[in-house]
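Chain by chain, the residues run as shown.
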Amino acid sequence: MPEKIDYDSKIPNNVDLSSNRRLQRALEGWQPRFMNWWSEMGPTLETHGVYLRTAVSVGREGWAHFDHVVPEDYRWGIFLAEREPGRTIAFGEHQGEPVWQQVPGEYRADLQRLIVIQGDTEPASVEQQRLLGLTAPSLYDLRNLFQVNVEEGRHLWAMVYLLHAYFGREGREEAEALLYRNSGSPDTPRILGAFNEETADWLAFYMFTYFTDRDGKYQLGTLKESAFDPLSRTCEFMLKEEAHHMFVGTTGVDRVVTRTAELMREHDTADIAAHGGIPLDVIQKYINFHYSVSLDLFGSETSTNAANYYTAGLKGRWRETRRKDDHKLTDDSAVLERPADDGTWTQEELQSILLLNLDLRGEYIADCRTGLKRWNKILADNGIDRQLYLPHPGFNRKVGVNAGYHVTPDGTIVDEHTWEKGTRRWLPTSEDLAFVRSLMHPVYERGKIASWVAPPTNGINGKPFDYEYVYLS
Ligand code: BYC
């Protein structure tokens, strides 16, 4: 497996594509359809070049190259992390056996399903974000948007490669369907709920890259443990690219909170809307929304699907190899908290293997808390006596044990009437959304920034904030 990427072929790759003519031809047949999808469903803003990162190697050092590229000319390709010699299966009933280089017949359907679900989210997010370039708060942000978009496009390539290379005709059909379904389409929507929601403004974009991309991090982390080695290696490299996406989210919300805090101090009021800032209440409602729809992406807390994937070795736990147990989980138990019809919370002890989605969600929630800590520190440093918080995991849920119950952000189970009355305080209202949208004017001048967000503390790849990250006509 070459560490370096071959950029001479039509599809850049480090999987020695030219040695498999049939596969190469099939992927070259898919390539124009991808390009067509990119031009129809990808970013609407035209540019003459964006300062983008392109992968040039999958090794640890110096894996990326930065330069101005017209997004349509970006070299989307197929990059797998290096093979780990002698890697064995870390969990489930095949624990200790060598990992698979081919798909075992009995797991074909399940593996294909996992890859299709993962693949479906990638183009979905590009579709959700396609209009954002028109209202970018700075050239720096605009560049980050394009970076995220081209890499989500590449992650689609990563899954399509697996479908074409290992799943025959069905895989090729699924690869077509990944371009056919569209975010928010009434007839052919994307598979998972959060990927059919609009990302209508830049606060939503930062929240999406903080909360929803972070679900991506955790799901990819579990697929990286997979016994199916090509999937594992694909996900490992995707995770490397994904880190920047979450950086965009974390620092994006940092910068909004910073600006809000500055305006609150300057005008000695929490009501900073009139001063061109986003009030903390609105930021909190965005957190509530994006966090709760992202929790739905973990599936049901109790899942026989997840148990079967684990036993088979298809999908592990977060940091599986660092866990100190038998990696089979047939004798372990864990506790599930669920709402009851009498308005109380009950605790149920269940086999750990049935609660793997909950386990992953727990890791995710702990990670999400780090963002809240950062944002609250920014508020405290500015002398603001208010805190942002994560709502209770039962709040606003459509999937799992909380679906069908009304749970307030503080975890109280309430009736429908109380819920309906409360939603205006807990979730963005149409007025909140319209207000945030009213702030979204493009700022395309070098070194300038919109009123509602602070500039970043550092530029990209050592460049200053006022660098010409994007060439516009
Ligand atoms: N929406 O046993 P259950 C990313 C379905 S994000 C709609 O509870 P399971 C990214 C489920 O399909 C990461 N349907 O769930 C981020 C099942 O249907 P069937 C994406 C849902 O299977 C930002 C039924 O309900 N990757 O990368 O244990 C930008 C019962 O299922 C939902 C993955 O998700 C939902 N939210 O877990 C770009 C990894 N949840 O089969 C990219 C691959 C469940 O009964 N996917 N259902 O008809 C999986 O591991 C699992 O399929 C899930 C669900 C975690 C999604």
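See the structure above.
Residues numbered from 1 in each chain as written. Predicted model: local features only at pLDDT ≥ 70, side-chain atom pairs only at ≥ 80, totals over all residues. Heavy atoms only, no water.

**Thoughts on the environment of Thr408**
(1) Moving on: Counting through the fold element by element, Thr408 comes out in the loop between β5 (406-407) and β6 (413-414).
(2) Moving on: Judged by its relative accessible area of 7%, Thr408 falls in the buried class.
(3) Moving on: Between the C-alpha atoms of Thr408 and Glu337, which are 71 residues apart in sequence, the distance is 15 Å.
(4) Moving on: Reaching out from Thr408, the side chain makes a polar contact with the side chain of Asp410 at a distance of 2.5 Å. (Helix = DSSP H or I, 4+ residues; strand = E, 2+ residues; numbered from the N terminus. Buried < 20%, exposed > 50% of the residue type's maximum accessible area, 1.4 Å probe, protein only. Polar contact = N/O pair within 3.5 Å; in protein donor to acceptor, adjacent residues only side chain to side chain.)

**Describing the sheet that holds strand β1 (residues 49-55)**
(1) Moving on: Taken together, three strands build an open sheet; the order of strands is β2-β1-β7 and the sheet is antiparallel. At either end of the open sheet lies a strand with only one pairing partner, and these are β2 (64-69) and β7 (470-471).
(2) Moving on: Pairing of β1 with β2, which is carried by six bridges, proceeds in the antiparallel orientation. Note on β2: the bridge partner recorded for Leu52 is Asp67.
(3) Moving on: Against the sheet, helix α3 (residues 139-166) contacts β1, β2 and β7, and its axis sits at roughly 40 degrees relative to β1. (Pairing = 2+ DSSP bridges. Contact = heavy atoms within 4.5 Å. Axes fitted to C-alpha atoms, helices over the stretch in contact; angles between N-to-C directions.)

**Quick look at helix α6 (residues 229-267)**
(1) Moving on: Its 39 residues give α6 an end-to-end C-alpha distance of 57 Å, which sits within 8% of 57 Å, the value for a rise of 1.5 Å per residue.
(2) Moving on: At Lys240, α6 is deflected by roughly 30 degrees, the largest bend along its length.
(3) Moving on: Counting buried residues in α6 gives 30 out of 39 residues, a clear majority hidden from the surface. (Expected span 1.5 Å × (residues − 1). Bend = angle between axes of the 7 residues up to and from the residue.)

**Some details on the nonpolar core**
(1) Moving on: With 110 residues, the main nonpolar core has Phe211, Trp375 and Trp452 as its most contacted residues.
(2) Moving on: Ranked by the residues each element gives to this core, the list is headed by α3, at 16 residues.
(3) Moving on: When residues no more than four places from it in sequence are discounted, the contact partners of Trp452 are Pro137, Trp202, Tyr206, Val256, Arg259, Gly276, Gly277, Ile278, Leu439 and Met440.
(4) Moving on: Core analysis: the next-biggest nonpolar cluster, separate from the first, contains eight residues, Phe91, Ala306, Leu329 and Leu356 among them. (Core = buried A, V, L, I, M, F, W, Y, C linked by side-chain atoms within 4.5 Å.)

**What to know about unusual backbone geometry**
(1) Moving on: Backbone geometry places Leu329, a non-glycine residue, at a positive phi of 65 degrees.
(2) Moving on: Among the secondary structure elements, Leu329 is positioned in the loop between α8 (304-312) and β3 (333-339).
(3) Moving on: Looking at Leu329, the relative accessible area reads 3%, which means it is buried.
(4) Moving on: One non-glycine residue with positive phi stands out, namely Asn396, at about 55 degrees.
(5) Moving on: Note on placement: Asn396 falls in the loop between α9 (356-381) and β5.

**Let's talk about the side chain of Asn144**
(1) Moving on: Along the chain, Asn144 turns up in helix α3.
(2) Moving on: Here Asn144 falls in the buried class, since its relative accessible area comes to 2%.
(3) Moving on: Contact partners of Asn144, with chain neighbours within four places excluded, come to His244, Val248 and Ile460.

**Structural notes on the site of the ligand**
(1) Moving on: For the ligand, the set of nearby residues contains 29 residues, the closest of which are Arg113, Gln118, Ser300, Ser303 and Lys315.
(2) Moving on: The separation between a nitrogen atom of the ligand and a polar main-chain atom of Gly193 is 3.4 Å.
(3) Moving on: Taking 1000 Å² as the accessible area of the ligand by itself, protein coverage stands at 79%.
(4) Moving on: For the shell around the ligand, the elements supplying multiple residues, two or more each, are α2 (108-128), α5 (202-223) and α8. (Near = heavy atom within 4 Å. Areas by Shrake-Rupley, 256 points an atom, 1.4 Å probe, with all protein chains shown as cover.)

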